[in-house]
Structure formats: structure tokens, C-alpha cells
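Each chain is listed here by its residues.
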Amino acid sequence: MFVKIKGTGSCLPEKVLDNAAISQLVDTNDEWIQSRTGIKSRHIVGKETAVSMAAVAAEKALEDAGITAEEIDLLIVSSVSSEQLLPCTACSVQKELGAVNAAAFDLNAACSGFIVAYQMAAGQIKAGLSKKALLIGVECLSNIVNWKDRGTCILFGDGAGAAVISAEEEGNIEIPSVLHSDGSRGEVLTCKNPTGERKDRSLEGYVAMDGREIYKFAVRQVPAVIDEILEKAEKSVEEIDLFVLHQANRRIVEAIAKRLKQPIEKFPMDMMQNGNMSSASIPVLLDELKQEGKLQPGMKIIVAGFGAGLTWGGMYLEW
Ligand code: ACO
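This one's a predicted model, so the numbers in the text were calculated from it and none came from an experiment.

Here we look at the layout of surface pockets
Point 1. The volume enclosed by the largest pocket comes to roughly 860 Å³.
Point 2. The wall of the largest pocket is formed by 30 residues, among which Val 80, Ser 81, Asn 108, Ile 144 and Cys 191 lie closest to the centre.
Point 3. The leading source of residues in the lining of the largest pocket is strand 9 (residues 189-191), at 3 residues.
Point 4. For the lining of the largest pocket, the residue count by class is 14 nonpolar, 13 polar and 3 charged.
Point 5. Residue assignment places the lining of the largest pocket across two domains, with domain 1 (2-168) and domain 2 (177-318) each supplying three or more.
Point 6. Its boundaries defined by the atoms lining it, the second largest pocket holds a volume of some 670 Å³.
Point 7. Along the walls of the second largest pocket sit 29 residues, with Gly 151, Leu 155, Met 209, Gly 211 and Asn 249 positioned nearest its centre.
Point 8. Counting residues per element, the ones that place at least two in the lining of the second largest pocket are helix 2 (30-37), helix 6 (150-153), helix 7 (211-233), helix 8 (250-260) and strand 12 (300-307).
Point 9. At 5 residues, helix 7 tops the list of elements feeding residues into the lining of the second largest pocket.
Point 10. Here the residues of the lining of the second largest pocket sort into 13 nonpolar, 10 polar and 6 charged.
Point 11. Looking at which domains feed residues into the lining of the second largest pocket, each of domain 1 (2-168) and domain 2 (177-318) gives three or more.

Some remarks on the UniProt feature "domain: Beta-ketoacyl-[acyl-carrier-protein] synthase III C-terminal" (unreviewed entry) in the protein chain
Point 1. Per the UniProt record, "domain: Beta-ketoacyl-[acyl-carrier-protein] synthase III C-terminal" (unreviewed entry) is found at residues 230-319.
Point 2. The distance from the first to the last C-alpha atom of residues 230-319 is 16 Å, and the span holds 33% helix and 22% strand.

A look at the packing of helix 3 (residues 50-65) against helix 4 (residues 89-97)
For any two helices packed against each other, one specifies the crossing angle of their axes together with the interaxial distance.
Point 1. In the contact formed by helix 3 and helix 4, the axes pass within 9 Å of each other and the chain directions differ by 55°. Taken as axis vectors, helix 3 and helix 4 run oblique relative to one another. Viewed along their axes, helix 3 and helix 4 form a crossing whose handedness is right-handed. Mapping the contact onto sequence places Val 51, Ala 54, Ala 55, Ala 58, Glu 59 and Leu 62 in helix 3 and Thr 89, Ser 92, Val 93, Glu 96 and Leu 97 in helix 4.
Point 2. In the contact of helix 3 with helix 4, the residues fall into 7 nonpolar, 2 polar and 2 charged.

Quick notes on the rules
- Residues numbered from 1 in each chain as written.
- Predicted model: local features only at pLDDT ≥ 70, side-chain atom pairs only at ≥ 80, totals over all residues.
- Heavy atoms only, no water.
- 1 Å grid on protein atoms, 1.4 Å probe; cavity = no way out; pocket = protein on both sides within 12 Å on 5 of 7 lines; lining within 4 Å.
- Points joined across faces, edges and corners; volume = space filled by probe spheres on them.
- Helix = DSSP H or I, 4+ residues; strand = E, 2+ residues; numbered from the N terminus.
- Nonpolar A, V, L, I, M, F, W, Y, C, P; charged D, E, K, R; others polar.
- Domains from an automatic or database assignment.
- UniProt positions renumbered as here; feature names shortened; annotations may be inferred.
- Axes fitted to C-alpha atoms, helices over the stretch in contact; angles between N-to-C directions.
- Parallel < 35°, antiparallel > 145°, perpendicular 65-115°, else oblique.
- Left-handed = near helix turned anticlockwise from the far one by under 90°.
- Contact = heavy atoms within 4.5 Å.

Encoded structure:
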């Protein structure tokens with residue numbers, strides 16, 4: 001018996017920025033962006049905020065799960081780009097939803113954030129400390145991207161995804177999952193606090209990235225972590241119906257599929273229209289797949305993410 005995702009929801013900003021619009025801001029073009037990343041367009045916040053998008057995604061997930069906000073006893077928001085540090089985004093979302101019985105907090109594990117939130121909540125459920133948890137990945141990355149840096153501003157998008165999880169029934173709960181971190185390699189993807197002590201603030205507050213190192217990290221570590229999850233779940237790679245991966249870019253997903261010797265059709269992607277939404281990318285993709293009827297009961301799914309920290313991990317789900 002497993003911890004189950006009972007409902008999903010998502011919210012994307014109204015405004016769409018396509019590659020042609022980005023090429024008005026920096027020296028780039030649609031062909032370069034699409035061939036390197038697969039990305040055609042992304043959503044960017046206008047009047048939306050992290051809290052407003054998270055609340056809409058959460059309301060949809062609650063409705064999908066058929067439960068009320070009052071039933072939620074744990075509310076975790078993963079974000080690296082919310083407009084607010086205090087109060088935490090999770091507490092503001094709690095207020096919006098009226099989730100009065102929830103303990104609420106934020107976590108930062110960058111693009112692995114939804115994976116980490118799931119595993120922390122699943123552990124609480126397994127320990128008997130939570131019954132129904134609401135997990136949200138929300139990002140306003142357009143707030144922390146340097147719109148003069150063509151190496152990074154083409155990659156990211158804004159949005160929110162949410163999932164409600166609970167134990168399927170009473171009894172022993174299995175959570176075949178893996179998490180890793182390597183702080184010694186943290187410098188390959190950073191965003192410094194602009195209120196820090198550094199005198200030269202030219203790069204502070206913006207995402208800075210060594211793209212090639214991130215690429216190498218992802219295509220090595222994600223297949224390895226998937227092997228670890230398969231072993232824990234006692235499944236073969238062929239038994240897995242879908243691999244729902246962090247949507248950083250198409251070339252990374254294709255390289256992972258190749259290393260696993262699995263058909264690319266098992267690797268759904270939405271970065272074409274959403275860009276890289278960091279911790280929102282996996283829950284948004286899950287919600288899109290669900291709405292499209294591509295997640296059927298009993299399907300075997302591996303979800304895996306990787307990101308700044310460095311952090312990476314994943315879990316096996318039965319839908
Ligand atoms: N448009 C046109 N030219 C560009 C652009 C652009 N947007 N960006 C960079 N270039 C140029 C560079 O200036 C460079 O020119 P030069 O040879 O004259 O110096 C050339 O293109 C090659 O630049 P690289 O940075 O080496 O480009 P690369 O082929 O490595 O592609 C990319 C960059 C797409 C970022 C790649 O490294 C990659 O896929 N990395 C993975 C990183 C990633 O996806 N990060 C997402 C965030 S992290 C996460 O989600 C965990």
C-alpha cells in the first residue's frame with residue numbers, strides 16, 4: 001500500500017512570452033532556443049503572485065481530490081522565487097484557502113522541491129503524524145531572472161502546481177523514494193540574496209548558472225537515481241509506464257531516456273509551452289497529464305527531479 005496522490009491542480013499566468021518576444025529583449029532567436037532547449041514559450045506573471053497562483057492550484061487540487069481545505073493537516077510550499085519571505089508563502093496560502101487545521105511551511109530545494117515536499121509529507125503520513133497533506137510547487141522565476149542575460153532568461157517560466165496526498169488505507173505504507181544532495185557543487189547554480197554583504201551587487205538577486213555542468217549533472221545523476229528507485233520498488237525499468245521528470249530542457253530528457261534505453265514516448269514533456277518552472281514543473285505536468293486522461297489507475301510512474309544545491313531524487317508512484 002502506498003501514499004497516493006488524490007488530486008492535482010495547476011495555475012499558469014495569463015501572459016505568454018514566446019521566443020520571438022524574448023528576441024526583442026536579448027540577442028537570441030527562436031531557432032537557437034528551440035534547438036538547445038525545446039522551449040517555444042513560457043508564462044510570465046503580470047498581476048499574479050506566488051500566493052495567488054498557489055492558492056488557485058491548491059483549490060483545484062482539493063476539488064479534484066474531493067476534500068475540503070479544513071481536512072488538510074499539512075501544507076508545504078516549495079519555492080525559490082516567491083515575492084515574500086515573511087510570512088512564508090505556505091501560511092499566506094493557508095489563509096487564502098481557510099486550511100485552518102494545517103501546519104504550514106515553505107521549503108527550498110530548488111527544482112527538486114516538489115520531490116522533497118512529497119517525501120517529507122509521505123514520511124509524516126507514514127509516521128502517523130499527518131493524514132492529508134497539500135503540496136504546492138510555485139515559482140515566479142521572472143522575478144529573479146536577469147532579463148539582460150540571454151544564457152538564462154530564455155529558460156524559465158512562472159506557474160504553480162499542487163497535489164493532495166494521503167494514505168490509501170490503514171496499514172503498512174511503502175514509499176520507494178530517494179533523495180540526494182551535494183553542497184560541494186552548489187556554485188554551478190546560484191542566486192545571491194541582494195540584501196547580502198557583498199559590495200559588488202552586479203549579479204546579486206539573479207540566477208547565475210553553469211549550463212554545461214548542470215547538463216552533465218542531470219544526465220548522469222537522474223538515470224542513476226531512477227535505478228535506485230527501481231531497486232527499492234522492486235520493479236524493472238520496462239515495467240514503468242511513465243517517467244515524469246523535471247522539465248529543464250528537452251535535450252536533458254532525451255539523453256536520460258537514451259541512457260535508460262526507454263522510448264521517448266514514456267517521457268511526457270511540457271517545457272515547450274511552459275519553460276522551466278523549477279519546483280512547479282513536476283506538479284504542473286502531473287496535472288496536465290491527469291486532465292488529458294493520460295494517468296490511469298494502476299499506472300506505474302517514476303517521478304524524478306534535479307536542481308540547485310545540488311539536489312536530486314525521485315519516487316515510485318502507483319496511480
Ligand atoms: N541565444 C543565442 N546564443 C546564445 C544564447 C541564446 N539565448 N545563450 C548563449 N548563447 C551563445 C553563447 O554566448 C555562446 O556563444 P560563443 O560560442 O560565441 O561564446 C554559445 O551560444 C554557446 O553557449 P553555451 O552556454 O556553451 O551553450 P550551450 O550549448 O551549453 O547551451 C544551455 C546552453 C541550453 C543552457 C545548455 O548548457 C543546457 O541545456 N544546460 C542545461 C542547463 C539547464 O537546463 N538549466 C536549467 C536550470 S537548472 C535546473 O532546472 C536544474
